Amino acid sequence: METAQAKHPLGIRANILLSSVFGPYAQDDAFGSRKINPMELYHNQVTRFQGPFSLRMFHRSFGLMMIQANIQAPCTLLDFPARERFISELRENKYDIVGISSIIPNVGKVEEMCRLVRKHQPRALIVLGGHIANLPELETRVDADYIVKGEGIRWFRSFLGQDVNAPVRHPEACSGYGCRILGHTLADKPGDTAAILIPSAGCPMGCNFCSTSALFGGKGKFINFYESGDELFDIMCGLEKKLKVRSFFVLDENFLYHRRRALRLLDLMKEKGKSWALYVFSSAKVLQSYTMEQLTEMGIAWVWMGVEGRKSKYRKLSGVDTKALVTELQSHGIRVLGSSIIGMEEHSRENMEEVINHAVAHDTVFHQFMLYTPNPGTPLYEQHKKEGNLFPESAFSLADTHGQYRFNYQHKNIPAGMEEEFLSEAFRRDFSVNGPSLFRLIRVLLKGWQRYKHHPDARIRERYTWEVSPLKTSYAGAVWAMKQWYIRQPAMRKRINLLLQDIYKEFGWKTRCIAPLFGAYLLVAMKREKQRLKADRAYESPTFYEKNPAALEQESGTAFRKSGEVVNPAYRPSHARS
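Residues numbered from 1 in each chain as written. Predicted model: local features only at pLDDT ≥ 70, side-chain atom pairs only at ≥ 80, totals over all residues. Heavy atoms only, no water.

Attention now moves to the overall build of the protein. When you go through the protein residue by residue, the secondary structure sums to 19 helices and 18 strands. Over its C-alpha atoms the protein spans a radius of gyration of 24 Å, differing by no more than 12% from the 25 Å that the globule rule assigns to 578 residues. The long-range share in the protein, meaning contacts at least 24 apart out of those at least 6 apart in sequence, stands at 75%. As displayed, the protein offers around 24,100 Å² of accessible surface, 51% of which is attributable to carbon and sulfur atoms. Of the charged side chains in the protein, 79 are positive and 61 negative; the average position of the first set lies 5 Å away from that of the second. (Helix = DSSP H or I, 4+ residues; strand = E, 2+ residues; numbered from the N terminus. Rg over C-alpha atoms; globule rule 2.2 N^0.38 Å. Contact = heavy atoms within 4.5 Å. Areas by Shrake-Rupley, 256 points an atom, 1.4 Å probe, with all protein chains shown as cover. Lys, Arg positive; Asp, Glu negative; His and termini not counted. Charge placed at Lys NZ, Arg CZ, Asp CG, Glu CD.)

A word on the confidence of the model for the protein. Note: predicted coordinates in regions of low pLDDT should not be interpreted at a detailed level. With 94% of its residues at a pLDDT of 70 or more, the protein shows a mean pLDDT of 92. This stretch, residues 569-578, has a pLDDT under 50; its non-local contacts, to residues over four places away or in other chains, come to 38 contacts. (pLDDT = per-residue confidence, 0-100.)

Our next topic: the nonpolar core. In terms of nonpolar packing, the biggest core is built from 121 residues, with Phe255, Leu256, Leu278, Leu295, Leu329 and Ile442 touching the most fellow members. When residues of this core are assigned to their parent elements, the largest contribution, 11 residues, is made by helix α18 (residues 490-534). Ignoring sequence-local partners within four residues, the contact set of Phe255 consists of Pro199, Leu232, Val250, Arg261, Ala262, Leu265, Leu278, Val280, Phe281 and Met298. By size, the runner-up hydrophobic cluster in this structure holds 33 residues, among which are Phe80, Ile87, Val110 and Ile132. (Core = buried A, V, L, I, M, F, W, Y, C linked by side-chain atoms within 4.5 Å. Buried < 20%, exposed > 50% of the residue type's maximum accessible area, 1.4 Å probe, protein only.)

By definition, the strands of a sheet pair up through backbone hydrogen bonds, in either a parallel or an antiparallel sense. Across the sheet, which stays open at both edges, the six strands sit in the order β9-β12-β13-β14-β15-β16 with parallel pairing between neighbours. Looking along the sheet, the strands with just one partner apiece sit at the ends: β9 (195-197) and β16 (366-371). Averaged over all neighbouring strand pairs, the angle between strand axes comes to 20°, with direction disregarded. As paired elements, strand β14 (residues 300-308) and strand β15 (residues 335-342) share six bridges and run parallel to each other. Bridge assignment links Val303 to a residue of β15, and that residue is Val336. The strands touched by helix α14 (residues 418-434) are β15 and β16; relative to β16, the strand with the most contacts, the crossing angle is about 175°. (Pairing = 2+ DSSP bridges. Axes fitted to C-alpha atoms, helices over the stretch in contact; angles between N-to-C directions.)

A few words now on the packing of aromatic side chains. Applying the stated criterion across every chain, the model contains 29 aromatic pairs. Taken together through their ring pairs, the aromatic side chains of Tyr42, Phe249, Tyr279, Phe281, Trp302, Trp304 and Phe366 make up a single cluster. Over the aromatic face of Phe544 sits the side chain of Arg60, whose NZ or CZ is 4.1 Å from the ring centroid. (Phe/Tyr/Trp six-rings, centres within 6.5 Å; stacked < 30°, edge-to-face > 60°. Lys NZ or Arg CZ within 6 Å of the ring centre and 35° of its normal.)

Another point: the side chain of Ser339. Relative to the helices and strands, Ser339 is located in strand β15. In terms of polar contacts, Ser339 uses its side chain to reach the side chain of Gln368, at 2.5 Å. Not counting the four nearest positions on each side in its chain, Ser339 is found in contact with Trp304, Met305, Gly306, Val307, Glu308, His367 and Gln368. (Polar contact = N/O pair within 3.5 Å; in protein donor to acceptor, adjacent residues only side chain to side chain.)

Read across the sheet, three strands follow the order β2-β7-β8 without closing on themselves; strand pairing throughout is antiparallel. Each of the sheet's edge strands pairs with one partner strand only, and the pair in question is β2 (56-58) and β8 (184-185). Bridge count between β2 and strand β7 (residues 177-181): two bridges; the pairing is antiparallel. Each residue of the ladder has a partner; that of Phe58, found in β7, is Tyr177.

Turning to α14, a few remarks are in order. Helix length check: α14 (17 residues) gives 24 Å between terminal C-alpha atoms against 24 Å at 1.5 Å per residue, within 8%. Where α14 is concerned, the buried positions are Glu419, Phe422, Leu423, Ser424, Ala426, Phe427, Arg429, Asp430, Phe431 and Asn434. In this structure, the buried side of α14 is in contact with α1 (41-45), β15, α12 (352-360), β16, α15 (437-452) and α18. Immediately beyond the C-terminal end of α14, within one or two residues, lies Gly435, with a positive phi of roughly 85°. (Expected span 1.5 Å × (residues − 1).)

Look at the link from Gly23 to Pro24: it is a cis peptide, with omega at 5°. Take Pro24: it is sitting in the loop between β1 (16-20) and α1. If you check the backbone angles, Leu182 has positive phi at about 60° while not being a glycine. Tracing the backbone shows Leu182 in the loop between β7 and β8. When its relative accessible area of 2% is taken as the criterion, Leu182 is described as buried. The backbone of Asp536 sits at a positive phi, close to 65°, despite the residue not being glycine. Mapped onto the elements, Asp536 comes out in the loop between α18 and β17 (544-547). We classify Asp536 as partly exposed; its relative accessible area is 48%.

Following this line, the structure appears as structure tokens:
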């Protein structure tokens, strides 16, 4: 494997295939897939014990999409292929470069994909990237030519002889697809799903367990694709027009940390009358540095925030009462996804109940629970390596180091195997105490509406009006169905009924008439979903097959495809950084 940046002899004439690792993703197989670790972020890490109430959806490989949007060479993106589909692509089309993105647990699939490329495309150069690049001595176990650690746009541009400092073009894509809840698959209508917005890569906070921070160089190291609020505003206007959206999922580890950019974006939103909704990741300390007025005016409608643990030593939580902060945010209609860690250094069998109760007491709309895992490349990994308590791969497969199963090391206070029980209990406790996340989401939405429906700023009123519109119909029906579902659990049924009555009071007789109709359908769908889950049927993502303009021109606009694939021949990367 070569380590120094080189130039491909064909430059922008090189034919490129970019691919995610092959499926299946929600069942145990010989290449490292795990049933317990499906390719569904929410169901995997957030709502996994909520049965029919669990939020099911998939997300694209946005890093590969960003790279494809920013190279001039003919480039095909094969996202979520089956192994056979990957093989057929290699057999039927010639490529000069094959790029593969992966996380560490999928290293077995990467090994196999490299082997298949060597077999079917022996002249192609293989480029690996993504979190797998953090894996020590990766070059000794995979047959790849280049391993790219960090940001891939500049690397590919340099490799192809392009201007590495050219404006970064942003792809036009929704943040998720295949959304399913209560046994019902939501219609994929324009504007129903937030657009993805990627301002930066890396994380400035540098937590010792963070693989993303390690991938981009550690604490304080990050890359801004767009430095100013003006640039982001232009991109968002373009996405609004092309995708018919009013909401944006901001894929940035700590969006509000870049204060000048965020406040400039706010100024432009106010100046142009944009009532957008932003779904962001933020540390608690940074979030608390803004006023509620600023957050509301900026359209912060959903925030993923680490609460880690009651005795957390991380600076991002220093001096912050996370429970009080969550309560305040949700009283303004801002939905919070809290993230807690099970198995930190001070955790033990004796205090685990207290740890779990502390997390559950936040009563966030969603709550993620993950094991404290020393992933390769992180300072935490190096610490455990130095202490000599990491399990060898022969005893604990890398495929199981995904944070939802077991520790890959011997915890000083928790016997091996007990962590799985604690993790499961955390999910169950949150669900049983706080109820379904959908119930919590609807309750917080209603709080926001009641607080801001008469706000003097028309822009703010407009956002809360369109965000709350499902409460009049489908969400009211969902609450009605939940009430019937909990008929044998009077305490939860009472809480749900109080919410339903508040919705009726707020939206009147039409909603009172519509709710049972929607609800009856959803109740039947929930019962079907319960049976489906009992039968252990998994959800898998469809395959996406997309070509950039150079690849389409090369093939005279005809894209090779397989039956059942999602194809986007009208590929539209847009909105360059000025």
